[in-house]
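Here's the letter readout for the chains.
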Amino acid sequence: MKIIIIANWKMNPLSLVEAKRNFEIIKKGVRDVKQAEVVVCAPFVFLPVLKPSNYLKLGAQDCFLGDKGPFTGEISPQQLKKLGVEYVILGHSERRRYLAESTALVNQKIKAALEAGLKVVFCVGSKAKKPGKEMERQLKEGLKGVKRPDLNKLVFVYEPVWAISTTKNKIIATSKEALKGGLYMRNVLKKIFDKKTAKKTKIIYGGSVNSKNIGSFIKEGKMVGGLPGAASLDPYEFAKIVIQASRS
Ligand code: PGA
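Okay, so let's go over this structure.

Each value, and the rule that gives it
Residues numbered from 1 in each chain as written. Predicted model: local features only at pLDDT ≥ 70, side-chain atom pairs only at ≥ 80, totals over all residues. Heavy atoms only, no water. Phe/Tyr/Trp six-rings, centres within 6.5 Å; stacked < 30°, edge-to-face > 60°. Helix = DSSP H or I, 4+ residues; strand = E, 2+ residues; numbered from the N terminus. Buried < 20%, exposed > 50% of the residue type's maximum accessible area, 1.4 Å probe, protein only. Lys NZ or Arg CZ within 6 Å of the ring centre and 35° of its normal. Near = heavy atom within 4 Å. Polar contact = N/O pair within 3.5 Å; in protein donor to acceptor, adjacent residues only side chain to side chain. Areas by Shrake-Rupley, 256 points an atom, 1.4 Å probe, with all protein chains shown as cover. Contact = heavy atoms within 4.5 Å. Right-handed = clockwise from strand over helix to strand, strands pointing away. Pairing = 2+ DSSP bridges.

**Details of the packing of aromatic side chains**
Each aromatic ring pair is characterised by the separation of its centres together with the angle its planes make. Applying the stated criterion to the full structure yields four aromatic pairs. When the ring of Tyr-158 is compared with that of Tyr-205, the centres are 6.3 Å apart and the planes differ by 55 degrees; the resulting orientation is tilted. Here the residue Tyr-158 occupies a position in strand S6 (residues 154-160), and Tyr-205 occupies one in strand S7 (residues 202-205), the gap between them amounting to 47 residues. By the burial criterion, Tyr-158 is buried, and Tyr-205 matches it. The exposure class of Tyr-205 is buried, given its relative accessible area of 0%. Grouped by ring-pair contacts, the aromatic residues Tyr-158, Tyr-205 and Phe-217 constitute a single cluster. Seen from the ring of Trp-162, Lys-129 lies directly overhead, with NZ or CZ sitting 4.0 Å from the centre.

Below you can see the structure in the form of structure tokens.
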């Protein structure tokens, strides 16, 4: 399975100049890496000016749950698609926490994004130390009505919420914990779909990913890639993550 590394810039950087500069540095840095799918998920305001290429794809961090209508402040999946955006992150724990996004809403957004031809980066977060029922609920509800053939347009992210770099506790998940999270998700996917589908599903890891630990999340944690947040803000470090991942 091809490695996937997705930068989640969150609400960064501050200026268009910086965003363009960082994107171009990444583009140069990952140009020769053929074994990885590399994506930058940037804030909406920068998407029209960042120029994706064959080896650096563009992603958004949210979208609306439908394509047309009077929805003040919203951005439709089709508008993103028209801009050349290929991916969209949905269900991130920060949106669940600060904007009270429910899994039912995430489910509608997933279906709208797929309908518009976007690939979905579906974050499944665990507030508990061990993967469990809250993840099962997110998967079951989040995937309601999603057809089996569409699963290859989804990248699942196992995100132990306590391991996200901006949380206060500064605990980093081990590759063994990532392995357990991935296995748990595959098991739920097996129940929803079937064994073969569950096996083929792309699951990446998110939570304090950097160039030093990405290798172990891939090798020992059996993840097909990662979703770095804080570390992706340094374009040289992000390119390093991609290079390390492609060697793992
Ligand atoms: P982090 O963010 O790499 O800064 O921990 C990951 C995420 O929240 O997606």
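**So, the site of the ligand**
What surrounds the ligand is a group of 14 residues, the closest being Lys-10, His-92, Ser-165, Ser-208 and Gly-229. Contacts to the ligand include Lys-10, whose side-chain N or O atom sits 2.7 Å from an oxygen atom. Separating an oxygen atom of the ligand from a backbone N or O atom of Ser-208 is a distance of 2.8 Å. Burial of the ligand by the protein amounts to 99% of the accessible area it has alone, namely 280 Å².

**Observations regarding the side chain of Lys-10**
Structurally, the position occupied by Lys-10 is in the loop between strand S1 (3-8) and helix H1 (16-30). Among the polar contacts listed, one links the side chain of Lys-10 to the side chain of Glu-94, at a separation of 2.7 Å. Setting aside residues no more than four positions away along its own chain, Lys-10 makes contact with Cys-41, Pro-43, Gln-61, His-92, Glu-94, Ile-164, Thr-166 and Gly-229.

**A short note on the pairing of S6**
Counted residue by residue, S6 has seven buried out of seven residues, so it is predominantly covered. Both faces of S6 are covered, namely the face carrying Leu-154, Phe-156, Tyr-158 and Pro-160 and the face carrying Val-155, Val-157 and Glu-159. Crossover strand S5 (residues 119-126) to S6 through helix H5 (residues 133-142) is right-handed. Inspection of the sheet shows S6 paired to S7 by four bridges, in the parallel sense. Counterpart to Phe-156 in the pairing with S7 is Ile-203.

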